[in-house]
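Each chain is listed here by its residues.
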Amino acid sequence: MKKISTFLISATLAISSLAATPTFTVDAGQSVGKVSPRLYGLMTEEINHCYDGGLYAELIRNRAFMDDANAPAHWSVVKDTSSAATIALDPTNPLNNNLTTSLRLDVTRAAKANAAGVANSGYWGIPVHSKTRYRVSLWAKAGAGFTGPLTVAIVSDDGKQVYATQKISGLTTGWKKFEVTLKTGTVAPTARARFLITLDQPGTVWFGLVSLFPPTWNDRPNGLRKDLMQMLVDLNPKFLRFPGGNYLEGDRIEDRFPWQKTLGPIEDRPGHPCPWGYHSSDGMGLLEFLEWCEDMKAEPVLAVYAGYSLKGAHVNPGPDLEPFVQEALEEIEYVTGDTNTTWGTQRAKNGHPEPFKLNYVEIGNEDWFDKSGSYDGRFAQFYDAIKAKYPQLKTISTMGNDQPETSHVKSRQPDMIDEHYYRSTDEFLKMSPDYAQKYDRHGPEIFVGEWAAHEDAAIKPWDAGARKQPPTPSLKAALGDAAFMAAMERNADVIKMQCYAPLFVNVNPGARQWRPDMIGYDALSAYGSPSYYAFQMFSRKVGDEILATASLQTAVQGCATRDSKTGELILKLVNPQPTEESLNIEIKGASALDSKAEAVLLAGCPEDTNSISRPRNVTPVTLTVRGVKPAFTYTLPPYSIVVLKLKTHQ
Ligand code: AHR
């Protein structure tokens, strides 16, 4: 295959007025529908260490000692040949009723040159950056007679380099909160480091909660990792669907997302079992989700628990379901209520008096798994209660058109329907040209609330086989993504919202449960997959009017929109073939086209991908296209995605 660099040059030069080439026609004279203003958004849940060990910036793993009832997981003793210490969980000395155990540290032998204590290795390492301030907060109490000092420090794994250190004194026999700042000097960034708390004399100390935060996005105290937030903001998302996904439902009813217990100070949050196989700290609580939306200027799409959990238990509609309906109404009040309401007051107490704007509420998640057939009744009960109290809110049913007709919600008309598509690139390429013909233009709006292309039809994202593949997808998958996004954009009059899933993956061994994922990271750095860049190319440039398109004799798929304010035409084209494709682009009915246009191009070999060590191996390039006129030829490289921005003189 031609090298991409030489191809880019020939692609920009290959504009001419050829006749016998395949044609992509755009009717710019007539809009066939309005593009939903909230078409591109994000979906999120705790999976693949998305929050804990991911976006949520907390660096201490098992900070409240609640991850494992039997052992202080992720904590270890620090000592040398001349010092001695032991650690154990101590449920007889809890910090409070929420954090029902503490960590007891007994240092039996120690001296100034021979400290002993406890270490936490974070989520696959503590990231150390140059000249950076880290906020330590910890709850501690001591045995009679010991008042300190404790030394807190970030230290290299081999113990040879101390990156930052501070002393804490004034311990008492009662619980007290201590806060200090650790500041690093000029260092080579590394994640091969641990957080240590040591004593230089014998003593007993209990820890109730130990927290370490690097600088966060917008400096929020319980905030989010800056590099990952920047990557999300760069996608220009219009909404955020949360908190799941399976994470909303939990394995059992009692494991559903416990929004009430995720509010307030972190020392009041016990966390809960995440269905993806680990304990969630609930540091990412309901308010953090909402503030995350605020920070991205995206609107929340709130999913409420609807009485079905993953291991198959469901709550019968009727009186049994009523407490869950009330729980959802209260949750909506927390989000939207003013400070005269009970839950609006609570939100103000938690630091956010301003209500959040909410338009959509999703009732459950993937309820087609509930084989009892109870969803129709459950949906109806939630629908009636939500509409009675919040008539302006739109309800989303999780029973998509991709599910058998017999299982659809019948007793109420949902405002919107959430459909999920995890398909191979080949399947997406096949289904995309005709996709959406099935939708009733007068029927419910469509939300494609989870979708992603994987490369190999034989390997499903949740299979053991998927675990052997790299965590993030290759360009081949991005081609499938782009074909499907073009289909959704062509039908953005009925498909009002769409979001890729899952969003994030911690790439360390053992961290992931699902592939492919859009953004990969370790403790130190992050990268976007080709799917990330394909999504970014689509989401950052979209008009508000859908234009009719037709492609003849070509495997190229595409879509076109127009920005009614500027007159700009935006064409998105996907060439999934191993050969270049010279395309005759016909623009009908456009006012004068500028002869110069901008093209954003993503291309390469199908197996090309990005990773921690090669984060920008596949990234879009911006090119200038000359010779644009109502009929012109544009040559698409093999395996490529292009966004053409054509200016018009109105
Ligand atoms: O995105 C991963 C999972 O796929 C979601 O949690 C669930 O809704 C779907 O089955």
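This text follows the structure it describes.
Values in this document were obtained by computation on a predicted structure and should not be read as measured data.

Things to note about the overall build of the chain
Along the backbone of the chain there are 11 helices and 32 strands. For the chain, the C-alpha radius of gyration of 27 Å lies close to 26 Å, the compact-globule estimate for 650 residues. Overall size of the chain, expressed as C-alpha extent along the three principal axes, is 90 × 60 × 45 Å. With 650 residues in all, the chain has 61% of them scored as buried. Pairs at least 24 apart in sequence give 76% of the contacts found in the chain among residues at least 6 apart. Of the roughly 24,500 Å² of accessible surface on the chain, 51% is carried by carbon and sulfur atoms. A gap of 6 Å separates the mean positions of the 67 positive and 73 negative side-chain charges of the chain.

As for the sheet that holds strand S3 (residues 75-78)
Within the open sheet, the five strands sit side by side as S3-S6-S11-S8-S9. Their pairing is antiparallel. Here the strands that pair on one side only, and so sit at the sheet edges, are S3 and strand S9 (162-168). Across the sheet, the axes of successive neighbouring strands diverge by a mean angle of 20°, strand direction being ignored. Alignment of S3 against strand S6 (residues 116-120), held across four bridges, turns out to be antiparallel.

Concerning the sheet that holds strand S22 (residues 504-506)
Taken in spatial order, the three strands of this open sheet run S22-S23-S24, and their pairing is mixed. Either end of the sheet is taken by a strand with one partner, and the two such strands are S22 and strand S24 (526-528). Sheet twist, expressed as the average angle between the axes of neighbouring strands with direction ignored, equals 20°. One ladder, built from three bridges, connects strand S23 (residues 519-521) with S24; its direction is antiparallel.

Notes on the site of the ligand
Neighbouring the ligand are the residues Glu45, Ile47, Gly245, Asn246, Trp276, Asn365, Glu366, Tyr422, Glu450, Pro502 and Trp514. In this structure, Glu45 approaches the ligand through a side-chain N or O atom, which is 2.5 Å from an oxygen atom. Contact distances for the ligand include 2.7 Å between an oxygen atom and a side-chain N or O atom of Tyr422. Residue composition of the shell around the ligand, grouped by class: five nonpolar, three polar and three charged.

A look at the pattern of salt bridges
Per the counting criterion, the structure on display carries 30 salt bridges. As a salt-bridge pair, Glu362 and Arg241 come within 3.0 Å of each other at their nearest N and O atoms. Here Arg241 lies in strand S13 (residues 239-242) and Glu362 lies in strand S17 (residues 360-363), a separation of 121 residues in the sequence. Take Glu362: its relative accessible area is 0%, and that puts it in the buried class. Taking the shortest distance from any N to any O, the salt bridge between Arg252 and Glu254 comes out at 3.5 Å. Overall, the relative accessible area of 40% leaves Arg252 in the partly exposed class.

Parameters at a glance
Residues numbered from 1 in each chain as written. Predicted model: local features only at pLDDT ≥ 70, side-chain atom pairs only at ≥ 80, totals over all residues. Heavy atoms only, no water. Helix = DSSP H or I, 4+ residues; strand = E, 2+ residues; numbered from the N terminus. Rg over C-alpha atoms; globule rule 2.2 N^0.38 Å. Buried < 20%, exposed > 50% of the residue type's maximum accessible area, 1.4 Å probe, protein only. Contact = heavy atoms within 4.5 Å. Areas by Shrake-Rupley, 256 points an atom, 1.4 Å probe, with all protein chains shown as cover. Lys, Arg positive; Asp, Glu negative; His and termini not counted. Charge placed at Lys NZ, Arg CZ, Asp CG, Glu CD. Pairing = 2+ DSSP bridges. Axes fitted to C-alpha atoms, helices over the stretch in contact; angles between N-to-C directions. Near = heavy atom within 4 Å. Polar contact = N/O pair within 3.5 Å; in protein donor to acceptor, adjacent residues only side chain to side chain. Nonpolar A, V, L, I, M, F, W, Y, C, P; charged D, E, K, R; others polar. Salt bridge = Lys/Arg side-chain N within 4 Å of Asp/Glu carboxyl O.

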